[in-house]
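Structural features, examined
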Amino acid sequence: MDEATRLAHAYLAREVALGLEFVPRSVRPPPAPPARKERPAAVRQATDRPAVQALSDLLIEPEIGAASSLTELRGVLGDCSRCKLHGGRTNIVFGVGDENAELMFVGEGPGEDEDRQGEPFVGRAGRLLTDIITKGMGLDRADVYIANVVKCRPPGNRNPEPDEIVACEPFLARQIAIIRPKVLVTLGTFATQALLRNRVPISRQRGNWHDYNGVPVMPTFHPAYLLRNASGKRLVWEDIQQVMERLGLPVAKKG
Ligand code: URA
């Protein structure tokens, strides 16, 4: 990234951090013809609005968009220092699994175990996700792809901040574009709101199909939430069954 782009990036990231929710019309790319009838702006709920009109889309490094494989994309990421999270990380947690996966899971960001091992979802919550994939869906972990919204561990497991998301999101967007999964499952509030660009609570989004650039998205609760709220497991299982049906996987009835 050249200096001018970096400065523009930092400026816009700061604006987002300060609460900017929309890119002013004058700097948006020309609108594509509407695919379906939009509700008039006046009747849109505040929580339905896109949180950010893809700032990163406007400032994306051309090398990211040009990467045609995950290996190439990992090369572009390099020893990343695009945001302040790089200072506290042990390992970049790029993502793991099958580049041709039909199913992709997206979490929030690496925790301590993931940071140490360089692999997403390997701690307690990760073991629960692995159980959902293997025992629930009858797949191997290697059959799916697993990534996070940010690739470096936020200190003390805090939520990623807007400038960190702006810096990292183009890599997730490109991972999704390269893999082109049949279904994306977003895990928890944070990943769901970041990918769907809204502020709607996970409890209102889970269980319903959404869209991310043409890929069907099923939001569900984060496995870490399930570790604290076992009652959520039934709802996650319902969400996962919908995913299995969409993928044509046999849904075994739980006894
Ligand atoms: N939680 C996440 O959101 N991602 C991980 O990789 C681990 C825990």
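Provided above is the structure to which this section pertains.
To start, this report covers the structure provided alongside it. (Residues numbered from 1 in each chain as written. Predicted model: local features only at pLDDT ≥ 70, side-chain atom pairs only at ≥ 80, totals over all residues. Heavy atoms only, no water.)

1. Side note on helix α4 (residues 70-77)
Here is the rule we go by: Using a 1.4 Å probe on the protein chains alone, a residue whose accessible area is under 20% of its type maximum counts as buried, one over 50% counts as exposed, and one in between counts as partly exposed. Helix and strand assignments follow DSSP, with helices taken as H or I runs no shorter than four residues and strands as E runs no shorter than two, numbered in order from the N terminus. As used here, the arc is the angular range of directions from the helix axis to the C-beta atoms. Only heavy atoms matter for contacts: two residues are in contact if any of them lie within 4.5 Å across the pair.
Along α4, the positions that sit buried rather than exposed are L70, L73 and L77. The buried residues of α4 all sit within an arc of 60° when viewed along its axis, so they share a single face. In α4, those exposed residues whose orientation departs by more than 90 degrees from the buried face are T71 and G75. Each element contacted by the buried residues of α4 is listed here: α3 (62-66), β3 (145-148) and α7 (162-179). Immediately beyond the C-terminal end of α4, within one or two residues, lies G78, with a positive phi of roughly 55°.

2. Things to note about the pattern of salt bridges
Rules: Throughout this description, the term salt bridge denotes a Lys or Arg side-chain nitrogen within 4 Å of a carboxyl oxygen of Asp or Glu.
This model, assessed by the stated rule, comprises 14 salt bridges. The salt bridge involving K84 is made with E164; its shortest N-O contact spans 2.9 Å. A residue pair is termed long-range when its members are at least 10 positions apart, and K84 in the loop between α4 and β1 (96-97) and E164 in helix α7 qualify at 80 residues. Looking at K84, the relative accessible area reads 43%, which means it is partly exposed. Between D131 and K135 there is a salt bridge, and its shortest N-O distance comes to 3.5 Å. Separated by four residues within a single helix, D131 and K135 lie in helix α6 (residues 124-136), roughly one turn from each other.

3. Some points on the side chain of N148
Convention followed: Throughout this description, a polar contact denotes any pair of N or O atoms lying within 3.5 Å of each other; where both atoms belong to protein, one of them has to be capable of donating a hydrogen while the other can accept it, and for residues adjacent in sequence the pair is counted only when both atoms sit in side chains.
Looking at the element boundaries, N148 is found in strand β3. Judged by relative accessible area, N148 falls into the buried class, the value being 2%. Among the polar contacts made by the side chain of N148, one reaches the main-chain amide nitrogen of E108 at a distance of 3.2 Å. Non-local contacts of N148, meaning those with residues more than four positions away in its chain, are made with V93, V106, G107, E108, G109, P110, P120, F121 and L172.

4. Here's the deal with the packing of α4 against α7
Stated formally: The convention used is that axes are lines fitted to C-alpha atoms, helices contributing only their stretch in contact, and that angles between N-to-C directions extend from 0 to 180 degrees. Reported orientations rely on four angle classes, namely roughly parallel under 35 degrees, roughly antiparallel over 145, roughly perpendicular from 65 to 115, and oblique for the rest. By convention, the crossing between two helices is left-handed when the near helix turns anticlockwise from the far helix through less than a right angle, and right-handed when the turn is clockwise. Just so you know the grouping, Ala, Val, Leu, Ile, Met, Phe, Trp, Tyr, Cys and Pro go in nonpolar, Asp, Glu, Lys and Arg go in charged, and all remaining residues, Gly too, go in polar.
Relative to each other, α4 and α7 sit at 170°, their axes nearing to 10 Å. The orientation of α4 relative to α7 falls into the category roughly antiparallel. Our pair here, α4 against α7, has a crossing hand that is right-handed. Within the contact between the two elements, α4 uses L70, L73, V76 and L77 and α7 uses F171, R174, Q175, I178 and I179. Of the residues that constitute the contact of α4 with α7, the class distribution is seven nonpolar, one polar and one charged.

5. A word on the site of the ligand
Cut-off, in case you're wondering: Any residue with at least one heavy atom within 4 Å of a molecule or strand is counted as near it.
Taken together, the residues surrounding the ligand are G107, E108, G109, E114, P120, F121, N148 and H222. The separation between a nitrogen atom of the ligand and a polar main-chain atom of G109 is 3.1 Å. A distance of 3.0 Å is found between an oxygen atom of the ligand and a backbone nitrogen or oxygen belonging to F121. Residue composition of the shell around the ligand, by class: two nonpolar, four polar and two charged.

6. Here we look at the packing of α6 against helix α11 (residues 232-247)
At a closest axis distance of 12 Å, the pairing of α6 and α11 adopts a crossing angle of 50°. Taken together, the axis directions place α6 and α11 in an arrangement best described as oblique. Crossing hand, α6 versus α11: right-handed. For the pair formed by α6 and α11, the contact residues are L128, I132 and G136 on the first element and K233, V236, W237, I240 and M244 on the second. Here the residues of the contact of α6 with α11 are counted per class, giving six nonpolar, one polar and one charged.

Taken by themselves, the reported measurements are silent on function.
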